[in-house]
Amino acid sequence: MDVKKIRNDFPIFKDDKLVYLDNAAMALKPKCVIDAVDNYYARYGVNVHRGVYGLSYEATELYENARDTIANFIGAKREEVIYTRGTTSALNLVAQSYGMEFIEAGDEVITSELEHHSSHMPWFNVCKKKGATLKYIPLNEEGRITVEAFKKVISKNTKVVALNYVSNVMGYISPVKEIIKIAHEYGAVVIVDGAQAVPHMNVNVKELDCDFLAFSGHKLCGPTGIGILYGKKELLEKMPPIEFGGDMADEVSKDDQTYKAVPYKFEAGTPIIAGAIGLAEAIKYISHFGMDNILAHEKHLHDFAVSEISKLDGITVYNKTAETGIIAFNIDGVHPHDAASVFDNSHVCIRAGHHCAQLITKWLDVVGTVRASFYIYNDEEDVLKFVEALKEARDFFTKF
Ligand code: 7TS
């Protein structure tokens, strides 16, 4: 990874002081993505699927070609790719549609304490409404989901398993492939929250055999407001839509309504056209580095940061063995929000708090954590600036 060259692709790095380590929250945008979005608004700016004029046909082509790019990227068929507002709305779609249609009293849904709120909260609500039971996979001593622990909670009553592929706090890669295999033996469907996986590693839905996969465009250098729900065609076909209106309707009369085939059945209203086009461009951009190279680069930065931090006293790192570019820590005795504020003085952007994952924060028995997260444009120099800022923050709060 030629980081110096990569940074030239990102207009924001004209500010050469910027050390951006909040990539788990959002990735920065390269010029090609900004241009793709700009190009749609400047040259088209019209709606898709409806117009009978050239501009609308061309815009539709751009928008639908984007779906092909996205489908190829994750190994799906194009009709299995549904545009959503992001991971959160994708995961809620599955819960509202699949969950409300097929979960019954006495059924069980399995999730974990390692989830982002978007992964487990929708199922908490479905279970509450339906009289089903939400079960949690006991995490191991490192805070990981393991296949062994999963085997202990799955039962013949399990209908749904909702898990992250990579945790946004601990950066662990969860053994979802093995879990999916076991879940299928019990007849359960598996929903993979890929928000922290798809931007950073090879994710192929056919190899995983997951039933659903959700991810957001903005975490892989794409625009905000666009995300993807992948679903197996046969499942999507038997699920009811949750939004009704324009573009998803087929025949409508006062007595009856029918819907378009998947994926359009789940895409009511004017779609997120610029977002879809920008997301496809972002996918082309990041894939040319090779997803395995991206993961190896981030893992290297993680390990380098852990080793540099280990030279300092008074810092607790919670995920030393993570396989991805996320590092979660605290300065001993210092509130994470206080700690994070000092980093800003050194132009180091990091995040502090519960990261919308309060269950793992509670599991760690802390009020929150400080989190640095790396991406393609970060390098060892960024890590050293971050560790220097960490030292300053520690000294500021503990020496006086
Ligand atoms: N799932 C995981 C694992 C996430 O990390 C996030 C966002 C989401 C779901 C929700 O994604 P959204 O695009 O719909 O908001 N995580 C974070 C984070 O860690 N810091 O800010 C957002």
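Here, every reference points to the structure presented above.
Attention in this report is confined to the structure presented alongside it. Owing to the predicted nature of the structure, the values given are computational and were not obtained by experimental measurement. (Residues numbered from 1 in each chain as written. Predicted model: local features only at pLDDT ≥ 70, side-chain atom pairs only at ≥ 80, totals over all residues. Heavy atoms only, no water.)

### Re the packing of aromatic side chains
Point 1. Following the criterion strictly, the structure yields 14 aromatic pairs and no others.
Point 2. Ring plane angle 70° and centroid distance 5.8 Å describe the contact between Phe10 and Tyr285, whose orientation is recorded as edge-to-face. You can see Phe10 sitting in the loop between helix 1 (3-8) and strand 1 (19-20) and its partner Tyr285 sitting in helix 10 (residues 273-287), a full 275 residues away along the chain. Tyr285 matches Phe10 in its accessibility class, with the two residues each being buried.
Point 3. Residues Tyr63 and Tyr83 carry aromatic rings whose centres are separated by 4.9 Å and whose planes lie at 40° to one another, so their mutual orientation is tilted. (Phe/Tyr/Trp six-rings, centres within 6.5 Å; stacked < 30°, edge-to-face > 60°. Helix = DSSP H or I, 4+ residues; strand = E, 2+ residues; numbered from the N terminus. Buried < 20%, exposed > 50% of the residue type's maximum accessible area, 1.4 Å probe, protein only.)

### Notes on the pattern of salt bridges
Point 1. If you walk through the whole model with that rule in mind, you get 23 salt bridges.
Point 2. Note that Asp68 and Arg78 form a salt bridge whose closest N and O atoms lie 2.8 Å from each other. Residue Asp68 is located in helix 3 (residues 54-74), and its partner Arg78 is located in the loop between helix 3 and strand 2 (81-84); the two are separated by ten residues in the primary sequence.
Point 3. Since its relative accessible area comes to 29%, Asp68 is described here as partly exposed.
Point 4. Arg144 is the partner of Glu323 in a salt bridge, and the nearest nitrogen-oxygen pair spans 2.8 Å. (Salt bridge = Lys/Arg side-chain N within 4 Å of Asp/Glu carboxyl O.)

### Focus on the side chain of Asp379
Point 1. When you line up the elements, Asp379 lands in the loop between strand 15 (369-373) and helix 14 (380-398).
Point 2. The class for Asp379 is buried, based on a relative accessible area of 14%.
Point 3. Among all residues touching Asp379, those that are not within four sequence positions of it are Val3, Lys4 and Leu301. (Contact = heavy atoms within 4.5 Å.)

### Observations concerning the site of the ligand
Point 1. Taken together, 15 residues form the shell around the ligand, and within it Thr88, Asp193, Gln196, Arg351 and Arg371 come nearest.
Point 2. Within the side chain of Lys219, an N or O atom sits 3.0 Å from a nitrogen atom of the ligand.
Point 3. Within the complex, the protein chains bury 87% of what would otherwise be the 480 Å² of accessible surface of the ligand.
Point 4. When its residues are assigned to classes, the shell around the ligand shows three nonpolar, eight polar and four charged. (Near = heavy atom within 4 Å. Polar contact = N/O pair within 3.5 Å; in protein donor to acceptor, adjacent residues only side chain to side chain. Areas by Shrake-Rupley, 256 points an atom, 1.4 Å probe, with all protein chains shown as cover. Nonpolar A, V, L, I, M, F, W, Y, C, P; charged D, E, K, R; others polar.)

These values are about where atoms sit, not about what they do.
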